[in-house]
Amino acid sequence: MPHILIYERTSLFTAELQRSFNAIADVQVRWAPHLIDFKSQARFASLVLMHVEELDLKTLDLVQELKEQTSCPWLLLLKDQAPELEWTLRELGADAVLLDTVQKSRLIELVKRMVWQG
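About the criteria used
Residues numbered from 1 in each chain as written. Predicted model: local features only at pLDDT ≥ 70, side-chain atom pairs only at ≥ 80, totals over all residues. Heavy atoms only, no water. Helix = DSSP H or I, 4+ residues; strand = E, 2+ residues; numbered from the N terminus. Expected span 1.5 Å × (residues − 1). Buried < 20%, exposed > 50% of the residue type's maximum accessible area, 1.4 Å probe, protein only. Arc of directions from axis to C-beta. Contact = heavy atoms within 4.5 Å. Phe/Tyr/Trp six-rings, centres within 6.5 Å; stacked < 30°, edge-to-face > 60°. Lys NZ or Arg CZ within 6 Å of the ring centre and 35° of its normal. Polar contact = N/O pair within 3.5 Å; in protein donor to acceptor, adjacent residues only side chain to side chain.

**Student:** So what exactly am I meant to see when it comes to helix α5 (residues 104–117) here?
**Tutor:** Owing to its 3.6 residues per turn, the α-helix aligns residues three or four sequence positions apart on the same side. Its 14 residues place the ends of α5 20 Å apart at the C-alpha level, agreeing with the 20 Å of an ideal helix rising 1.5 Å per residue. Listed in full, the buried residues belonging to α5 are Leu-107, Ile-108, Leu-110, Val-111, Met-114 and Val-115. Down the axis of α5, the smallest arc covering the buried residues is 165 degrees, so these residues share one side. Facing away from the buried side of α5, by more than 90 degrees, are the exposed residues Arg-106 and Gln-117. Those residues of α5 hidden inside the fold are in contact with β1 (3–7), α1 (12–21), β3 (47–52), β4 (74–78) and β5 (96–99).

Here is the structure:
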């Protein structure tokens, strides 16, 4: 069963994806608001979505560390202040990078593609 793990402070994107995948019984959407839970669950995920509100060296190290420990695709949602770092994040292991202002329908379609192609 595909398992989408979402790391974000509030459950905004989690709730949206849970509503969208609610009708698909074979997909689990889990919210991990705490870093320790996120780190322990990431290696079991089919897709990791990380909402990056503040992009700093600690966050970059976390992305690289966890990507090395997982084999699933990673999707990063960035606050609009950091779009120029997309290629740096891709080099660290992100499979897709979007601004968090992305249309919900586009995000949902990308997640669906990543879950079933990953």
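**Student:** Would you mind going over the packing of aromatic side chains with me for this structure?
**Tutor:** Each pair of aromatic rings is reported with the distance of its centres and the angle of its planes. Counted by the stated rule, this structure contains 3 aromatic pairs. Relative to Phe-38, the ring of Tyr-7 has its centre 4.6 Å away and its plane inclined at 20 degrees; by these criteria the two rings are stacked. Placement of the pair is Tyr-7 in strand β1 and Phe-38 in helix α2 (residues 35–41), with a sequence separation of 31 residues. Each member of the pair, Tyr-7 as well as Phe-38, is classed as buried. Connected via pairs of aromatic rings, a cluster forms that spans Tyr-7, Phe-38 and Trp-74. Across from the ring centre of Trp-87, 5.2 Å away, lies the NZ or CZ of Arg-90, which sits over that ring.

**Student:** Sorry if this is basic, but what is going on with the environment of Asp-80 here?
**Tutor:** Turning to its location among the elements, Asp-80 is positioned in the loop between β4 and α4 (86–92). Given a relative accessible area of 52%, Asp-80 falls into the exposed group. Through-space distance from the C-alpha of Asp-80 to that of Glu-68 is 26 Å; in sequence the pair is 12 residues apart.

**Student:** In this structure, what is going on with the side chain of Lys-67? I would like to understand it.
**Tutor:** Here Lys-67 lies in helix α3 (residues 57–69). By relative accessible area, which is 18% here, Lys-67 ends up buried. For Lys-67, the side chain forms a polar contact with the main-chain oxygen of Cys-72, separated by 2.9 Å. In contact with Lys-67, not counting residues within four places along its chain, are Cys-72, Pro-73, Trp-74, Leu-92, Gly-93 and Asp-95.

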